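An overview of the molecular structure
Below are the chains, spelled out letter by letter.
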Amino acid sequence: MTTVEQIDYMIQSLQVAKNEIEYAEKYMEEKNSDKEFYQYGHIGHDKRTPNGTIIRESLKMVGRMANIAANNVCLSPYNSCIFRE
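Not measured: the values here are computed from a predicted model.

Parameters and conventions
- Residues numbered from 1 in each chain as written.
- Predicted model: local features only at pLDDT ≥ 70, side-chain atom pairs only at ≥ 80, totals over all residues.
- Heavy atoms only, no water.
- Helix = DSSP H or I, 4+ residues; strand = E, 2+ residues; numbered from the N terminus.
- Buried < 20%, exposed > 50% of the residue type's maximum accessible area, 1.4 Å probe, protein only.
- Contact = heavy atoms within 4.5 Å.
- Areas by Shrake-Rupley, 256 points an atom, 1.4 Å probe, with all protein chains shown as cover.
- Axes fitted to C-alpha atoms, helices over the stretch in contact; angles between N-to-C directions.
- Parallel < 35°, antiparallel > 145°, perpendicular 65-115°, else oblique.
- Left-handed = near helix turned anticlockwise from the far one by under 90°.
- Nonpolar A, V, L, I, M, F, W, Y, C, P; charged D, E, K, R; others polar.
- Salt bridge = Lys/Arg side-chain N within 4 Å of Asp/Glu carboxyl O.
- Expected span 1.5 Å × (residues − 1).
- Arc of directions from axis to C-beta.
- Polar contact = N/O pair within 3.5 Å; in protein donor to acceptor, adjacent residues only side chain to side chain.

1. Brief notes about the overall build of the protein chain
Helix and strand content of the protein chain: two helices and zero strands. Looking at the protein chain as a whole, 22% of its 85 residues are labelled buried. Taking as baseline every contact in the protein chain between residues at least 6 positions apart, the subset at least 24 positions apart corresponds to 52%. Summing over all exposed atoms, the protein chain offers an accessible surface of approximately 6,800 Å²; the carbon and sulfur share of this is 55%.

Listed below in C-alpha cells is the structure:
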C-alpha cells in the first residue's frame, strides 16, 4: 500500500467514524423523544443500533496508519524524494 493509499484509507476511516457518530446522535435523539420506541416496528430505528466499537476501532486504525505514513515521508531540503521506497 502506497503512502497516498494509506492517507485515503485514513480519510475513509474517519468518515466511517463520523457517520457512525452522527447516526448514534440521531438514534439517541429519536430514542429519547419517542415514548413507544421499543414497540414493534420502532425497535432498532432502521433495524440496527449504533456501534461504539466501529467508532473506536476506526479512530485507532487512523492513529496506527498515521504513524506508518509519517515514517515513510522523507522530503527535506537535503533530500529530493518524497516517500521512502
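2. Let's talk about the packing of helix α1 (residues 3–33) against helix α2 (residues 52–72)
For the pair α1 and α2, the least separation of the axes is 9 Å and the interaxial angle reads 160°. Accordingly, the angle class assigned to the pair α1 and α2 is roughly antiparallel. Crossing hand, α1 versus α2: left-handed. Each of T3, Q6, Y9, M10, S13, L14, V16, A17, E20 and I21 in α1 lies in contact with α2, whose residues at this interface are I54, I55, S58, L59, M61, V62, M65, A66, I68, A69 and N72. In the contact of α1 with α2, the residues fall into 15 nonpolar, five polar and one charged.

3. Section: the side chain of S13
Here S13 is to be found in helix α1. Dropping the residues within four chain positions of it, S13 is found in contact with S58 and V62.

4. Details of the pattern of salt bridges
Close approach of charged atoms allows side chains with opposite charge to pair. Enumeration over the complete set of coordinates arrives at one salt bridge. Here E57 and K60 are joined by a salt bridge, their closest N and O atoms 3.5 Å apart. Highlighted residues: E57 and K60, both in helix α2, separated by three residues, approximately one helical turn. Note on E57: relative accessible area 37%, which makes it partly exposed. Using a relative accessible area of 43% as the deciding quantity, one classes K60 as partly exposed.

5. Description of α2
Taking 1.5 Å per residue as the helical rise, α2 with its 21 residues ought to reach 30 Å, and the 31 Å between its terminal C-alpha atoms agrees with that figure. Buried residues of α2: I55, S58, V62, M65 and A69, and no others. Taken end-on, α2 shows its buried residues confined to a sector of 105°, consistent with a single buried face. Tucked into the core, α2 has its buried residues touching α1. N-capping of α2 is provided by N51, with a side-chain oxygen placed 2.9 Å from the backbone N of T53.

Everything listed here is a matter of coordinates, which is why it stays silent on function.
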